[in-house]
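Residue-level structure breakdown
As a plain string of letters, each chain reads:
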Amino acid sequence: MTKHIVLLPGDGIGKEIMNSAKQILGAVVSEFGHSFSLQEQDIGGAAIDQYDTPLPEATVEACQEADGILLGAVGGKKWDAMPAEKRPEKGLLGIRKELGLFANLRPVKGFPSLLHASPLKEHIIDGSDILIIRELTGGLYFGQPSERRDNGNAVVDTLYYRKEEMERIIDKAFQSARLRNNHLTSVDKANVLESSRMWREIVNEKSKEYPDVVVEHELVDAAAMKLITQPSQFDVMVTENMFGDILSDEASVLTGSLGMLPSASVRSDGVGLYEPVHGSAPDIAGKGIANPLGTILSVALMLRHSFQMEEEAAAVERAVRECLEQGYYTADLNIANGQIVSTEQMTEAVLDNLTVKSVSDSICSMYVL
Ligand code: IPM
Ligand code: MG
């Protein structure tokens, strides 16, 4: 059966890395005999330029029909001065909300050959394998429209969560912990925020349904510190929208570069939007040097979680690992003896390694979507 995939390249390096994704999807088709149909749509700044909105109706409709959605990145200086409703980021927040993609899964697991690419000491990051689960459609990023008050001398952003919104993401986190090492760290700021106290109550209540999962509560400031001092202590971390946004960028340091991290934004029925964790990187856009691996690994997540193509996903992940072992690195990876290659060359290297082999060495542990 043909899987219908909507591609949302977006802005900056988004177009370049989406090109890599298309080639990988093409290789999966020829290697494994699948049929994918690809449809490109605009989002973010590219959509503002053409349609005067960061999220055109046609994009929403196409995504609603899709079996899987792949996104590059949104944003750039060009649109910085735009009013809030016309910022590229609104397109991304909007499509997550429209599709009800409440669970953002960000697996953080380094490749052995990149251990030394991290600014952190190898013995600290060795063995770390974390799944960050971020609530994605509530909280501060979706409160009442922000406003300036008192002639511009005051400002309001609103953090609003419904209990059900917390329950469903926390439930997802417990289920994911069960499929991994049964260890869940819930991150909040319960010593200050009422929303965090409610969050913590729900975690404690839910934990009665999952007696086999060990639960710890961590305040977000302490969690941020432990993430880079004792990362191997974490298994699954679950947190609200903004904390998860910040912690996941921080956690990318464990893998050597933000350019390596994939993510899945999903709802309960398996429909998902897949994207690298990094942004549109306007400073290097158009130079052909962006790291395509976060996007390529996002393709693997889509194959696994939206299409149940485990063998194919594992093959893509293995191909990535092999080309790193062969010494190919993009410029964002701080490697002393590596061969710095372009986006295109890195993609070629992955394609060269993408053949049907054993599936036992998938880099990503399992997680429930
Ligand atoms: C991310 C990004 C987005 C977010 C921005 C671009 C709106 O930082 O996916 O982490 O904050 O969710
Ligand atoms: Mg972010």
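The shown structure was predicted, so the numbers you read here are calculated from the model rather than taken from an experiment.

Remarks on the environment of Gly 75
- In this fold, Gly 75 is placed in the loop between strand S3 (68-73) and helix H4 (88-98).
- By relative accessible area, Gly 75 is classed as buried at 5%.
- Between the C-alpha atoms of Gly 75 and Pro 112, which are 37 residues apart in sequence, the distance is 32 Å.
- In this structure, Gly 75 is in contact with Asp 11, Pro 88, Glu 89 and Ser 280, ignoring residues within four places of it in sequence.

Quick notes on the packing of aromatic side chains
- For the structure shown, the criterion picks out two aromatic pairs.
- Seen in terms of ring centroids, Phe 36 and Phe 307 are 5.9 Å apart; in terms of plane orientation they differ by 40°. Their pairing is tilted. Here Phe 307 lies in the loop between helix H10 (293-305) and helix H11 (310-325) and Phe 36 lies in strand S2 (residues 36-40), a separation of 271 residues in the sequence. Residue Phe 36 shares its accessibility class with Phe 307, and that shared class is buried.
- Plain terms: the ring middles of Phe 174 and Tyr 210 are 4.8 Å apart, the flat faces sit at 10° to each other, and that makes the pair stacked. You can see Phe 174 sitting in helix H6 (residues 163-179) and its partner Tyr 210 sitting in the loop between helix H7 (194-207) and strand S9 (214-219), a full 36 residues away along the chain. Note on accessibility: Phe 174 and Tyr 210 belong to one class, buried.

Quick look at the pairing of strand S11 (residues 262-266)
- The buried fraction of S11 is high, at five of five residues.
- What you see with S11 is no split at all: Pro 262, Ala 264 and Val 266 on one side and Ser 263 and Ser 265 on the other are buried throughout.
- Sheet topology note: the strand S4 (residues 103-109)/S11 ladder contains three bridges and is antiparallel. From the neighbouring strand, Ala 103 faces S11, where its bridge partner is Val 266.
- As paired strands, S11 and strand S12 (residues 272-276) are joined by five bridges and run antiparallel to one another. If you follow Ser 263 over to S12, its bridge partner there is Glu 275.
- Count of turn residues in the S11/S12 antiparallel hairpin: five residues, of which Gly 270 carries a positive phi of about 95°.

Criteria and cut-off values
Residues numbered from 1 in each chain as written. Chains lettered and ligands numbered in written order. Predicted model: local features only at pLDDT ≥ 70, side-chain atom pairs only at ≥ 80, totals over all residues. Heavy atoms only, no water. Helix = DSSP H or I, 4+ residues; strand = E, 2+ residues; numbered from the N terminus. Buried < 20%, exposed > 50% of the residue type's maximum accessible area, 1.4 Å probe, protein only. Contact = heavy atoms within 4.5 Å. Phe/Tyr/Trp six-rings, centres within 6.5 Å; stacked < 30°, edge-to-face > 60°. Pairing = 2+ DSSP bridges.

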